[in-house]
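Architecture and fold: a report
Next come the chains, spelled out residue by residue.
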Amino acid sequence: MGHTNQAPYRTAQVSSSAAPQNARAFTRKEKAPTAIVIGGGPSGLISARRLAAAGMRVTLLEQRHHLGGAVGAHEVGGLLLDSGAESFATRSPIVSDLVKELGLGDQIVTPNSYGSWLYLPQGARRTPSTGIMGIPGNVNDKSLIPVIGKNGLRRAQVDKFLPVSAGENAKTLGELVRIRMGQKVLDNLVAPVVSGVYSTHPDKLDVDATIPGLREAFRKHRSLAAAAHAFRSAAPAGSQVAGIVGGMNQLSERLVEDLYASGVRIVTGFDVIAVDRDESTGQWFIIQRHTTDGENTPLYADYLVLATDGPTVARLIGPHVSTALPAMEPGPEVALVTLVVDAPALDKHPRGTGLLVSEEATAVRAKALTHATAKWQWVADAAGPGRHVVRLSYGRGGEDARFSEVALADEQLITLALRDATRMMDVALTRSNLVDADVVRWRGVLPASTPGHRDRVKEFRERASELGTLSTVGSWAAGSGLVLTVKDTYEQMDRLIYHAAQDWEGVTSPKAATAK
């Protein structure tokens with residue numbers, strides 16, 4: 001069985017072209033301006049698409065030999081599965097609209113309605129209906145009792161009697177929930193959900209960056225439960241997430257196909273070591289790490305988009321911006337263990353579509369489990385009767401990776417995953433059940449959302465925008481999830497296009513570019 005280390009097995013793989021040639025410095029209004037996008041993840045692909053639609057000549061550079069970033073794929077047990085993101089939030093139509101634009105609208109699907117579970121110190125419990133991020137929208141719901149207990153429910157009900165001033169100035173999501181609803185709600189409901197999404201504890205997450213608008217809703221409705229209920233009510237009917245038949249990796253594939261059709265030049269295996277700006281022409285030039293054949297030809301462009309992680313943005317462009325990018329430690333390492341097993345006992349989906357694990361449940365080391373063949377019908381159809389796909393996630397924020405589960409070798413991690421899955425699903429899974437397995441490791445893909453981070457990013461971007469021809473995008477600035485990434489990327493590219501339209505004939509205004 002093959003094991004993937006960091007990179008997906010396959011997503012939009014392209015071969016590197018010859019060493020890039022210098023682009024001629026065209027005079028304004030003679031030809032379309034050139035743009036370089038550094039980074040081939042979702043934000044980079046979307047940026048290139050947006051700029052090309054506006055009439056710019058775009059080159060996309062990616063260090064690795066595959067595109068798509070965390071929206072990738074790998075093959076396990078003969079099945080092509082997502083190696084990273086496997087769904088998108090439906091609270092906004094922005095991602096589904098993009099999927100439809102790319103011709104995949106008829107392949108959008110929602111998860112099966114088996115529901116999810118929590119794994120707590122007292123064992124597995126069905127997840128009660130909540131408002132948002134595990135915050136209850138109805139503190140009179142008796143289904144909360146098996147999860148937080150009667151005392152926990154009574155404490156949560158205090159929320160509606162507290163003055164708005166209680167928690168109004170909370171800096172973190174954990175602080176807000178603890179003040180309004182108590183420790184049990186935080187530990188048994190909110191923390192497992194947040195850990196599954198952000199790989200860190202709610203006490204480390206900026207409440208405004210994690211759930212934009214929650215503070216305003218809390219002030220308006222005068223209770224946290226009412227605010228959570230309002231968020232849930234505003235969401236579209238049905239599931240809060242959706243996927244694509246064949247996997248979210250299809251989104252990356254179609255984006256790359258669309259870029260080629262738009263004439264975007266894509267170069268993989270291009271390791272950028274520095275960027276600089278020609279003071280006389282204003283053009284950016286990109287310097288590549290020496291290749292095996294010794295070539296190190298710089299690549300020039302009128303506009304530059306950095307679609308990399310935050311630390312790389314700081315390294316490449318920091319010297320050109322008058323304020324420092326907020327200090328960002330690399331995000332936690334996450335290991336995803338996908339198991340393909342022959343286990344007819346799982347046909348009854350004993351734990352619904354999967355489980356989120358409380359940090360207090362030390363008997364299980366995984367932070368989450370997705371029963372993919374229970375969650376997605378297309379996966380079940382591809383796997384066939386009695387064969388199941390189970391994916392476990394390891395790596396919590398705040399851990400020293402050297403001493404956490406992610407430090408284990410692939411084979412050891414697979415053994416641990418079988419043991420954890422057995423306990424969580426209450427179905428014996430051993431090596432004799434295993435058809436195939438794969439380990440995908442991601443480093444630094446989860447953005448920082450610590451208190452004050454959003455304001456510091458805003459200040460950095462304002463200073464960077466003074467250069468006019470520079471833009472920065474990515475989850476480090478936008479936040480976690482495709483909805484925030486796509487929305488932020490659109491906004492940043494429209495600003496860049498608007499700037500270009502002032503100086504270059506033929507560049508389409510943002511509104512017209514959006515309509516294309």
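Residues numbered from 1 in each chain as written. Predicted model: local features only at pLDDT ≥ 70, side-chain atom pairs only at ≥ 80, totals over all residues. Heavy atoms only, no water.

Heads up, the condition is: UniProt positions are given in the numbering used here, feature names are shortened, and annotations may be inferred rather than shown by experiment.
An unreviewed UniProt entry annotates the protein chain as Coproporphyrinogen III oxidase of Rothia mucilaginosa. The UniProt entry for the protein chain carries the following comment under Function (unreviewed entry): "Involved in coproporphyrin-dependent heme b biosynthesis. Catalyzes the oxidation of coproporphyrinogen III to coproporphyrin III."

Some words on the packing of aromatic side chains
Rules: Classification of ring pairs rests on two measures: the distance between centres of Phe, Tyr or Trp rings, Trp counted by its six-membered ring, which must be within 6.5 Å, and the angle between planes, read as stacked under 30 degrees, edge-to-face over 60 and tilted in between. Numbered from the N terminus, helices here are DSSP runs of H or I no shorter than four residues, and strands are runs of E no shorter than two. Sitting over a ring, as applied to charges here, requires NZ of Lys or CZ of Arg to be within 6 Å of the ring centre and within 35 degrees of the ring normal.
All chains considered together, the criterion is met by 1 aromatic pair. When the centroid spacing of 5.5 Å and the interplanar angle of 40° are considered together, the rings of Phe-285 and Tyr-300 count as tilted. With Phe-285 in strand β12 (residues 284-288) and Tyr-300 in strand β13 (residues 299-301), this pair connects stretches of sequence that are 15 residues apart. Lying across the ring of Tyr-490, Arg-50 places its NZ or CZ 4.0 Å from the centre. The ring of Trp-117 carries the charged tip of Arg-351 above its face, separated from the ring centre by 4.6 Å.

Some points on the pattern of salt bridges
Rule in force here: Salt bridges are defined as contacts in which a side-chain nitrogen from Lys or Arg sits within 4 Å of a carboxyl oxygen from Asp or Glu. We call a residue buried when its accessible area falls under 20% of the maximum for its residue type, exposed when it is over 50%, and partly exposed in between, using a 1.4 Å probe and counting protein chains only.
Counted according to the given criterion, the structure contains 18 salt bridges. Across the pair Glu-101 and Arg-49 runs a salt bridge, and its minimum N-O distance is 3.0 Å. Taken together, the residues span a long stretch of sequence, with Glu-101 in helix α2 (residues 94-101) and Arg-49 in helix α1 (residues 42-53) at a distance of 52 residues. When its relative accessible area of 45% is taken as the criterion, Glu-101 is described as partly exposed. For Arg-215, the salt bridge goes to Asp-208, with nearest N and O atoms at 3.1 Å. Each of the salt bridges in this network shares a partner with another, and the network as a whole consists of Arg-49, Glu-101 and Asp-258.

Details of helix α14 (residues 453-465)
This is how it is decided: Given the number of residues in a helix, its expected span is that number minus one, multiplied by 1.5 Å. The directions considered for the arc are those from the helix axis to the C-beta atoms. Any pair of residues with heavy atoms lying within 4.5 Å of one another is described as a contacting pair.
Over its 13 residues, α14 runs 18 Å from end to end, which matches the ideal 18 Å to within 8%, given 1.5 Å per residue. Every buried residue of α14 is accounted for by His-453, Val-457, Phe-460, Arg-461 and Ala-464. One face of α14 carries all of its buried residues, which in axial projection span an arc of 100°. Turned more than 90 degrees away from the buried face of α14, the exposed residues are Asp-455 and Lys-458. If you follow the buried residues of α14, they end up packed against α10 (310-317), β20 (470-472), α15 (475-478) and α16 (482-503).

Structural notes on the packing of helix α7 (residues 214-221) against helix α8 (residues 224-234)
Two quantities define a packed helix pair, namely the angle between the axes and the distance from one axis to the other. The cut-off we apply is this: Comment: axis = line fitted to C-alpha atoms, over the contacting stretch for helices; angle = value between 0 and 180 degrees taken between N-to-C directions. Angles below 35 degrees are treated as roughly parallel, those above 145 as roughly antiparallel, those between 65 and 115 as roughly perpendicular, and all remaining angles as oblique. Should the near helix be turned anticlockwise from the far one by less than a right angle, the crossing is left-handed, and should it be turned clockwise, the crossing is right-handed. Note on residue categories: nonpolar means Ala, Val, Leu, Ile, Met, Phe, Trp, Tyr, Cys or Pro, charged means Asp, Glu, Lys or Arg, and polar means any other residue, Gly included.
The contact between α7 and α8 brings their axes to 8 Å, and the two run at 120°. Accordingly, the angle class assigned to the pair α7 and α8 is oblique. Viewed along their axes, α7 and α8 form a crossing whose handedness is right-handed. Residues Leu-214, Ala-217, Phe-218 and His-221 of α7 lie in contact with α8, whose contacting residues are Leu-224, Ala-226, Ala-227, Ala-230 and Phe-231. Of the residues assigned to the contact of α7 with α8, the class counts are 8 nonpolar, 1 polar and no charged.

Digging into the sheet that holds β20
Filter applied, for reference: Note on pairing: DSSP must find at least two bridges between two strands before they are called paired.
Pairing is parallel in the open sheet, where 5 strands are placed in the order β10-β2-β1-β14-β20. If you trace the sheet from one side to the other, it starts and ends with β10 (265-268) and β20, each paired once. Averaged over all pairs of adjacent strands, the angle between strand axes in this sheet comes to 15°, irrespective of strand direction. Contacts between α10 and the sheet are confined to β14 (303-306) and β20, with β14 contributing the most and set at about 145° to the helix.

A closer look at α2
Buried within α2 are the following residues: Ile-94, Val-95, Ser-96, Leu-98 and Val-99. Downstream of α2 by a residue or two, Gly-103 has a phi angle that is positive, lying close to 80°.

A word on the confidence of the model for the protein chain
To keep it simple, the criterion reads: On a scale of 0 to 100, pLDDT captures the predictor's confidence in every residue.
Of the residues in the protein chain, 85% reach a pLDDT of 70 or more, and the chain-wide mean stands at 86. Low confidence marks residues 2-29, where pLDDT is under 50. Its contacts with residues over four positions away, or in another chain, come to 89 contacts.

Thoughts on the packing of α2 against α16
Taken N-terminus to C-terminus, the directions of α2 and α16 make an angle of 75°; their axes are 8 Å apart at the nearest point. Classified by the interaxial angle, the pair formed by α2 and α16 is roughly perpendicular. Contact with α2, carried on its side by Ile-94, Val-95 and Leu-98, involves Leu-482, Val-483, Val-486, Lys-487 and Tyr-490 of α16 and no other residues of that element. Residue composition of the contact of α2 with α16, by class: 7 nonpolar, no polar and 1 charged.

Quick look at unusual backbone geometry
Positive phi is not limited to glycine here, since Met-133 has a value of about 50°. Here Met-133 lies in the loop between β8 (123-126) and α3 (145-157). For Arg-222, which is not a glycine, the phi torsion comes out positive at approximately 65°. The topology assignment puts Arg-222 in the loop between α7 and α8.

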